Amino acid sequence: MEKSKVNAFVRKNMMWLILILLMLVFAILSPNFRSFKNMMNILTQNAYFIIATIGVALIMISGGTDLSVGQAMGVIGVSVALLMRGGCPVPVAVLLGILIGAVLGGFNGACANVLKIHSMIVTLATMTMYKGISYILSGSQSYYDFSDKYLSIGQGAVGPVSVPVIIMIVVGIVISFILSKTVFGRFIYAVGGNAETARLAGVNVHKIKLMTFGLAGCLFGVAAVILTSRGGSASSAIGPGVEFDAITACVLGGVSFIGGAGRVSDAVVGCLILGVLTNGMQMIGMDVNSQYVVKGILLLASIGYDTYQRQVKVRMKADKK
Amino acid sequence: MEQDVVLSMKNITKIYPGVRALDDVSLEVRAGEVHALLGENGAGKSTLIKVLSGAVQNEGGTIVLRGKSYSHMTPAVSRTNGIEVIYQEYNLIPGLTVAENICLGQKMHGMVDLKGQIKRTQELLDRYQIQLDPRALVGQLPPARQQLVEIAKAISKDPEIVVMDEPTAQLSLAEVQNLYRIIRELKAKGTAVIYISHRLEELFEVTDRITIMRDGQYVDTVNTKETNRDRLIALMVGRELKHTYDRTCRATDEVVLKADHIDSYVNTDCSFELHRGEILGFAGLVGAGRTELIRAIFGADKKLAGKVYVHGKEVHIKSPEDAIRCGIGLIPEDRKMQGCFLNQSISWNISMGNIRSMTKRGLVSEKKIVSEAEKYEQMLNIKTPSLKQLVRNLSGGNQQKVVLAKVLAADTEIVIFDEPTRGIDVGARAEIYDLMNHLVEMGKSIIMISSDMEELLGMSDRVIILADGRITGILNRNEYSQERILDLASEA
C-alpha cells in the first residue's frame, strides 16, 4: 500500500525529481552553481521564458500549437519601444504591448477557426507574416533609449527577489486559477480533450479557441516587455527561437501535445530543467557545442522515460482486464 | 443445369469479442452467376466478405477455391485466386489519374509507361462502355464516377469473382442502369458476381440467386425467379423476439418538438412530431439519413431548410449550444469520439453538461460537481469504485450512463439517443432500457435512432422509417411489425 503511494508520487512528480537531481549534480560539481545569487539569477533569466511557455501551454492544452510566439514577441517588443519613443507613457505603452499580443494571438485563433485548419499550420504562416511586420516596424534597427522607469520592470527588485520573478509568480498563479477554477478554464481542457464532444455538449469551441489564443497572446506581450526591459534593447531578433524552446519545455514538463491535459506547473518545471541545464553546464565550463549534445540526450531520455512509463501503465491496465 | 462451382465457403465461423459475427455460414457461388447476399444491418454480410478477401481471419470452416481447400484466406491468396472486392469506402488515390489508379500495383518494376497505361485503360473502358477519361484526376471526380473507377480497377484484373458491396449506394438511376450492363457483361464472360445490397428491387433486376443471412447465421439460398419481395422480407426477419420489454405507453397529446419540412445535405422534406412522454423510434438502413436528420435538428450539422418548433414556438437552432438551451440533449452514436472525454474523470465528464450551474460566486465549485455527480451515480447506477475514475477505464454500458448523466445535467427535456446500446452487453442494455422508461415517466421525451430491430420494436411508442433521406412511413405501436418496417425501409 505504502509502496504504491510512493510510486504514484514519483510518477506524478517525476520531472520535479529530475530537476532536483540535476541541481544536486551541478551543486556538487560547481561551487558557483550552488550560490543563492546564481539560483535567483536562473529564475530571473528565465522569467520571461516561463511566462511565454505558460502561454504556449494554454494553447497546447486547448489542442493547438503556436509557432509564431517568437516573431509575435518581436513585433510587441519593437512596438512598445516605438510607442515610448513617440512619447507614450510607460504604463500605457506596456498595456498597449500586451493588447497587441492579444490581437496577434487572437488573429491566429480566428484564422484556425475560420479556415478550419490546425493552428500549427496557421501559425507557420503567421510566423512569417509577423516576422515581416516586425522588421517593417523596426526598420531592422535596435532600440536602446529606454527610460529608467521602463528598465526597472526588467532590472528592478524587491529585496532579494527581482521584479521579473514576481511578475512570473503572479502570472503563474493567475493562469493556474483560471485553468482550475473558472468555467473558461474547464472549457479549455474540454476543447483540447475532445473538441467534437465539447461542441455536442454545448461548448462554443470557436469562442474558447479564440479566447485561449488571445489570453496566451497577452502572456507573450508580458514576456516581450520583461525581455526588452531586462536586456535594455528591443529589436526584431529578440523573440525568434522562443517558440521551439517553449514547446520543448511543455513537452518535457508533461503538457499533452495532443491537448486536454497539462498544468501550469508542468510548463514551469520544463522551463526550469532547461534553464538549470544551460546554467549548470556553463558553470562547470562545458563548451557550447557539447552543451547542445547533452541537452539533446537529456531530452530524449526524459521524454522516452515518460512515454515508457505510460506504456507500462497501459500494459498493467490491459492485464487487469 | 448445374454450372461450375467457383467458390464454396463451408461452415464459416467468426467470433469477435462477445459476438458471434458468423456462425456456421455456408455459401456456394457458381461461374457466371450473380449471387446476392441479403440481410439486415449486422446480419454478417460484410464480415463474410472480409473473410473471403482475407481482411479478417475466420476461426472455423473451410474455403474451397479452384479445387483447393483453405482454412482461411490472406489478402494475397485471395487476390491470386482471382477475387476482387469493391468495398463501400473507396480505396483510390485521389492525387492520381484514373489510368494510374487502375494500373496501380500491376507492374512495379522498370519505368512507368504512362502512354501504355492510358492506352490500356482506354481499351478497358471502351470494352465495358464506361464513360471515363483515363487522364482525369480521381480526386476531382464526383463519388459516382469514383465508384466506376473502383469497378474498372477490379475488372481490369480479369477476376473470377467480383464482390460488390452496396455498389449503388452512391449512384443515380442512370448510373445504376450502367452498372447493371457491366454486371451482365461480366456474367456473359463467366465471371461470378457477389452482390450485396439492401435494396430489394435491385436484386430482382440483376441477380440469379439470393443467400439470406440473419444475425450471423445462414438462413436460405433461393433462386431469384422463384421468390418475391414478401418472402425475402419474411426470411430476413423470421426471428423470435428474445427480450421482453416492459413498456407502458406514457405518451401524451402535448407536442414538445415539431420538425417541419427539414432538408439537410442528406435529407429531403422530413416532418414529424414528438410528444411529451413518448419514445419515438427512428428506423432505417445504414445510410438512410437518420443520424443526419437528427444532427441537423440538433444544430450539429447544417440544416438547409425547414423549421423546428419546441413547445409550439419556433426556435432557431444554429449550434448544439442553442439546442441544449432549448432543452434538447444528444447522446451521440460514437460514444468514445463524440460522447465522452475519455481522459477525464466521471465527475468531470458529468460536470461538462452544465458547468455553469456548478459554480459558487462565479468560480467552479468542486463540491457542487461532486454532489451533482453523486446524484447521477445513484440515479443511473453507474458502477465505479470512485467518481475520480477515468471514463476511459469504464465499460461501454457505464460510459453510456456517464454520457446520459452529462446530458441530463443540462436540464434536458428531450433526449436523443443515437444507437443507445451499440457495443453494450446484455445486462447493461436492460439497464439502459429501464432508464429510458424512467425518463419518460418523469415526463421527458425520447428520440431513439436504432439499427437494432428488437430494440426498436420493443421500446418505441411510434416508429418513423427513413429511406434515402426521406420519411417513408410513421407507424404506431399497434401497426408496426418487422416486416412492415423493413418493407418501408427498403423503399427506393
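Draft legend 1. Geometry of the overall build of chain A. When its secondary structure is counted, chain A shows 14 helices and two strands. Over its C-alpha trace chain A gives a radius of gyration of 20 Å, about what one expects of a compact globule, namely 20 Å for 321 residues. When each of the 321 residues of chain A is scored for burial, the buried share is 50%. Separation of charge centres in chain A, based on 24 positive and 11 negative side chains, amounts to 8 Å.

Draft legend 2. How the structure looks around the interface of chain A and chain B. On the chain B side, the residues contacting the 21 residues of chain A number 29 residues. Taken over both partners, the interface formed by chain A and chain B buries close to 2100 Å², and the fraction arising from carbon and sulfur atoms is 58%. Per-residue buried area on chain A facing chain B is highest for Arg186(A), Thr197(A) and Leu200(A); these three make up 31% of the total on that side. The interface formed by chain A and chain B includes two salt bridges. Linking Glu196(A) and Arg295(B) is a salt bridge whose minimum nitrogen-to-oxygen distance equals 3.4 Å. At the surface where chain A touches chain B, the tally comes to 10 residue pairs in polar contact (both at pLDDT 80 or more). Elements represented by at least two residues in the side of chain A that touches chain B include exactly α8 (163-181), α9 (183-193) and α10 (195-200) of chain A. In terms of residue count, the dominant contributor to the side of chain A that touches chain B is α9(A) (six residues).

Draft legend 3. Summary view of the nonpolar core. Grouped together as the largest cluster of nonpolar side chains are 186 residues, with contacts concentrated most on Met73(A) and Ile175(A). In this structure Ile175(A) touches Ile54(A), Leu58(A), Leu215(A), Leu219(A) and Val264(A), once residues within four positions along its chain are discounted. Membership of the second largest hydrophobic core comes to 31 residues, among which are Leu257(B), Leu274(B), Ala288(B) and Ile464(B).

Draft legend 4. Region of the structure containing α9(A). Buried residues dominate α9(A), accounting for 10 of its 11 residues. Along α9(A), the residues classified as buried are Val183(A), Phe184(A), Gly185(A), Arg186(A), Phe187(A), Ile188(A), Tyr189(A), Ala190(A), Val191(A) and Gly192(A).

Rules used throughout
Residues numbered from 1 in each chain as written. Chains lettered and ligands numbered in written order. Predicted model: local features only at pLDDT ≥ 70, side-chain atom pairs only at ≥ 80, totals over all residues. Heavy atoms only, no water. Helix = DSSP H or I, 4+ residues; strand = E, 2+ residues; numbered from the N terminus. Rg over C-alpha atoms; globule rule 2.2 N^0.38 Å. Buried < 20%, exposed > 50% of the residue type's maximum accessible area, 1.4 Å probe, protein only. Lys, Arg positive; Asp, Glu negative; His and termini not counted. Charge placed at Lys NZ, Arg CZ, Asp CG, Glu CD. Contact = heavy atoms within 4.5 Å. Buried area = accessible area lost by both parts, 1.4 Å probe. Salt bridge = Lys/Arg side-chain N within 4 Å of Asp/Glu carboxyl O. Polar contact = N/O pair within 3.5 Å; in protein donor to acceptor, adjacent residues only side chain to side chain. Core = buried A, V, L, I, M, F, W, Y, C linked by side-chain atoms within 4.5 Å.

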